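Chain by chain, the residues:
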Amino acid sequence: MVFWIFGYGSLVWNPGFEYDEKVIGYIKDYKRVFDLACIDHRGTPEHPARTCTLEESEGAICWGAAYCVRGGPEKEKKAMEYLERRECEYDSKTLVDFFKEEDSDHPLLTGVIVFTSTPDKVNNKYYLGPAPLEEMAWQIATAHGPCGNNREYIFKMEKALYDIGHEDDYIIELANEVRKVLDIVSSGIQKENKLAGSPRIPLKTQTSTVKIFSMPEAVVAVAADS
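Everything numeric in this text was worked out from a predicted model, so none of it was measured.

Quick word on the overall build of the chain
Of the regular secondary structure elements, the chain holds four helices and nine strands. Taken from N to C terminus, the helices and strands of the chain fall in the order β-β-β-α-β-β-α-β-β-α-α-β-β. Taking all 226 residues of the chain together, the buried fraction comes to 41%. Across the chain, the fraction of contacts at a sequence separation of at least 24, relative to all contacts at a separation of at least 6, is 69%. Put simply, the chain shows about 13,000 Å² of open surface, and 52% of that area lies on carbon and sulfur atoms.

See the structure below:
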């Protein structure tokens, strides 16, 4: 079988499997939400991360990337087995129509697979449900797991959507709220260090530099000692 898979989260920038074709486009009547728990990649069972899933929303569109896998049963089976392990928090596979920007009335592809999750806390143990923006931002800013921290996930998603030319206002708003939380946490640590004693005196051979990373709708400054 030849199959197409639609990526709307980390698959946009890191598919992780061998594919034969990639097309940027969108699906209709779905929007991204950070309502799903991740307990084994960027979070833990005690402090789950928040990861992206889809919510049905009439009239909405969700941009991402469609990947085609062809080349024989073994290759296709290997790709699907990898995806099912990676997307283990998602309890459903949904078939959707996939559109290109220049032809919004007629889908480029039909029967494209997308991993989705049941929005039900009883039947889906990974479903967290919606929460206030500030609450989600604190959870994302502080969660981490074996594969990295949760904040890196949303910042990479923000950049990936920027790179394909289709930013998501919801992602930008949530990412900026996470940045506010990180500023608060950083300020709190600095105050604690001051209360703990005199500040560290740098060696004469050390110089302080500031690296600036540009992000859509925001600029992140990271101080580093060379």
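A closer look at the confidence of the model for the chain
Low pLDDT means the predicted atomic positions in that stretch should not be read closely. Averaged over all residues, the pLDDT of the chain equals 86, while 83% of them reach at least 70. Ignoring residues within four places in sequence, the model shows residues 198-226, a span with pLDDT below 50, making 35 contacts including any to other chains.

Let's talk about unusual backbone geometry
In this structure, Asp29 takes a positive phi of about 65 degrees despite not being glycine. Among the structural elements, Asp29 can be located in strand β2 (residues 21-38).

As for the pattern of salt bridges
According to the stated counting rule, one finds 13 salt bridges in the structure shown. A salt bridge links Arg70 to Glu21; the shortest N-O distance between them is 3.5 Å. Of this pair, Arg70 sits in the loop between β3 (49-69) and α1 (73-86) while Glu21 sits in strand β2, placing them 49 residues apart in sequence. Look at Arg70 and you get partly exposed, because its relative accessible area is 35%.

Thoughts on a negative patch on the surface
Taken together, the side chains of Glu101, Glu102, Asp103 and Asp105 make up a negatively charged region of the molecular surface. Judged by relative accessible area, which is 33%, Asp103 ranks as partly exposed.

A closer look at the layout of surface pockets
Taken as a whole, the second largest pocket holds about 480 Å³ of empty space. Lining the second largest pocket are 25 residues, with Ser10, His41, Arg86, Glu87 and Tyr153 sitting closest to its centre. Contributing elements (two or more residues each) for the lining of the second largest pocket: β1 (3-7), β3, α1 and α3 (150-163). Here the lining of the second largest pocket is composed, by residue class, of 11 nonpolar, seven polar and seven charged.

A closer look at the packing of helix α2 (residues 133-142) against α3
It is the contact of α2 with α3, at a shortest axis distance of 5 Å, that shows an interaxial angle of 110 degrees. With respect to each other, α2 and α3 are oriented roughly perpendicular. Between α2 and α3, the residues in contact are Gln139, Ile140 and Ala141 and Asn150, Arg151 and Ile154, respectively. Looking at the contact of α2 with α3, its residues break down into three nonpolar, two polar and one charged.

Procedures and definitions
- Residues numbered from 1 in each chain as written.
- Predicted model: local features only at pLDDT ≥ 70, side-chain atom pairs only at ≥ 80, totals over all residues.
- Heavy atoms only, no water.
- Helix = DSSP H or I, 4+ residues; strand = E, 2+ residues; numbered from the N terminus.
- Buried < 20%, exposed > 50% of the residue type's maximum accessible area, 1.4 Å probe, protein only.
- Contact = heavy atoms within 4.5 Å.
- Areas by Shrake-Rupley, 256 points an atom, 1.4 Å probe, with all protein chains shown as cover.
- pLDDT = per-residue confidence, 0-100.
- Salt bridge = Lys/Arg side-chain N within 4 Å of Asp/Glu carboxyl O.
- Patch = residues over 30% accessible without salt bridge, like charges linked within 9 Å, V, L, I, M, F, W, Y side chains within 5 Å.
- Lys, Arg positive; Asp, Glu negative; His and termini not counted.
- Charge placed at Lys NZ, Arg CZ, Asp CG, Glu CD.
- 1 Å grid on protein atoms, 1.4 Å probe; cavity = no way out; pocket = protein on both sides within 12 Å on 5 of 7 lines; lining within 4 Å.
- Points joined across faces, edges and corners; volume = space filled by probe spheres on them.
- Nonpolar A, V, L, I, M, F, W, Y, C, P; charged D, E, K, R; others polar.
- Axes fitted to C-alpha atoms, helices over the stretch in contact; angles between N-to-C directions.
- Parallel < 35°, antiparallel > 145°, perpendicular 65-115°, else oblique.

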